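Structural overview for review
Each chain is listed here by its residues.
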Amino acid sequence: MAVSGRVALWQQHWDSGSMAQFYVKKPHPKLQEHLDQYIRGKTKAKILLPMCGNSFDIYNFGDMGHEVVGIECSALAIRSFYGKHNLSFTKEPCPDVQGTLYQSKDKTYKIYCCDFFDFKPSVEANFDVIVDFGAMGALTRGELQSYADLMKRLTAPDCRHILESFVYDVNKYPESQPICLTLELLRQLFGHDYIVEKIDEGPDPYADDMLHELTNGKFAEEFKPVVLSPFSSADRITYVKFVDHYFLCGWGKEMGVKSSPSNVWNL
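No experiment lies behind these values; they were computed from the predicted model shown. (Residues numbered from 1 in each chain as written. Predicted model: local features only at pLDDT ≥ 70, side-chain atom pairs only at ≥ 80, totals over all residues. Heavy atoms only, no water.)

**Some points on helix α7 (residues 183–190)**
Quick note on the threshold: Whether a residue is buried, partly exposed or exposed follows from its accessible area with a 1.4 Å probe, protein chains only, as a fraction of its type maximum: under 20%, in between, or over 50%, in that order. Labels follow the DSSP assignment, with helices taken as runs of H or I lasting at least four residues and strands as runs of E lasting at least two, numbered in each case from the N terminus. Of all possible arcs, the one meant is that of the directions from the helix axis to the C-beta atoms.
Taken as a whole, α7 has its buried residues at L183, L186, L189 and F190. All buried residues of α7 lie within an arc of 130° about the axis, which places them on one face of the element. In this structure, α7 carries E184 and Q188 as exposed residues pointing more than 90 degrees from its buried face. In the stretch just after α7, G191 is the one whose phi turns positive, near 85°.

Next comes the structure, spelled out in structure tokens:
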């Protein structure tokens, strides 16, 4: 199986150990804060976490009783997730994604080890919730439209998609990574059959912890993006101080309406 340059880069980050410093042993506070708005009382929602790594949020959603599906290109990250939570799992080839399925013995967690763009609705679809906290922003700009199109094919008609984006001056740093996903850009990518609304803004909940760890307590004040590798040094963290959060929701053809409903988040 040929591996793309993007996938090889992320596998290298995991294999080198550089991703370990970003592991946080608690649920993301914004996912907790907005929980009712995207879970909407469901006791067993089907939740997708694209490019999930070994995020604690994978475990937390399953622990709440939900069905959790992750997509991750690094087998090391997936094994790390199961190991950190002492979960037994099975491993089997999945030719449909040109990769491998790692599934917990109780079937609460399924993580597909593959390139995200090899994933297909015929494998898993009809997700009630998509949690994207870093996946879309880690892509190249040329991949954004393909990502949005695939996301729309994976969702259930009333899916809620919660997304986090880093904030910086895109005019000053037009080629920086991670990509700053503005409201206008997201609306352009997802099209007129999607509602996209900003629901939150503020400091990155994890920035201070990571800055302290990576810079030995010397907090940089300069707004300084990194152009090349998103996880190459502490420089990347110095500008990821503020984040926006968005809700995305399909409507129109999927929901049977001809205009954007004012109460879309209560449907």
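**Observations concerning the pattern of salt bridges**
A side chain with one charge can pair with a side chain of the opposite charge if their charged atoms come near. Threshold: We count a salt bridge whenever a side-chain nitrogen from Lys or Arg sits within 4 Å of a carboxyl oxygen from Asp or Glu.
A full pass over the atoms with the stated rule returns 9 salt bridges. The shortest N-O distance in the salt bridge between E33 and K30 comes to 3.0 Å. Here E33 pairs with K30, and both are found in helix α2 (residues 29–33), just 3 residues apart, close to one helical turn. Measuring nitrogen to oxygen at the nearest pair gives 3.9 Å for the salt bridge that ties D244 to K198. One end of the pair, D244, is in strand β9 (residues 242–250); the other, K198, is in strand β8 (residues 194–203), and 46 residues separate them in sequence. Using a relative accessible area of 12% as the deciding quantity, one classes D244 as buried. Connected through shared salt-bridge partners, K30, E33 and D200 make up one network.

Purely spatial values, then, with no claim about function.
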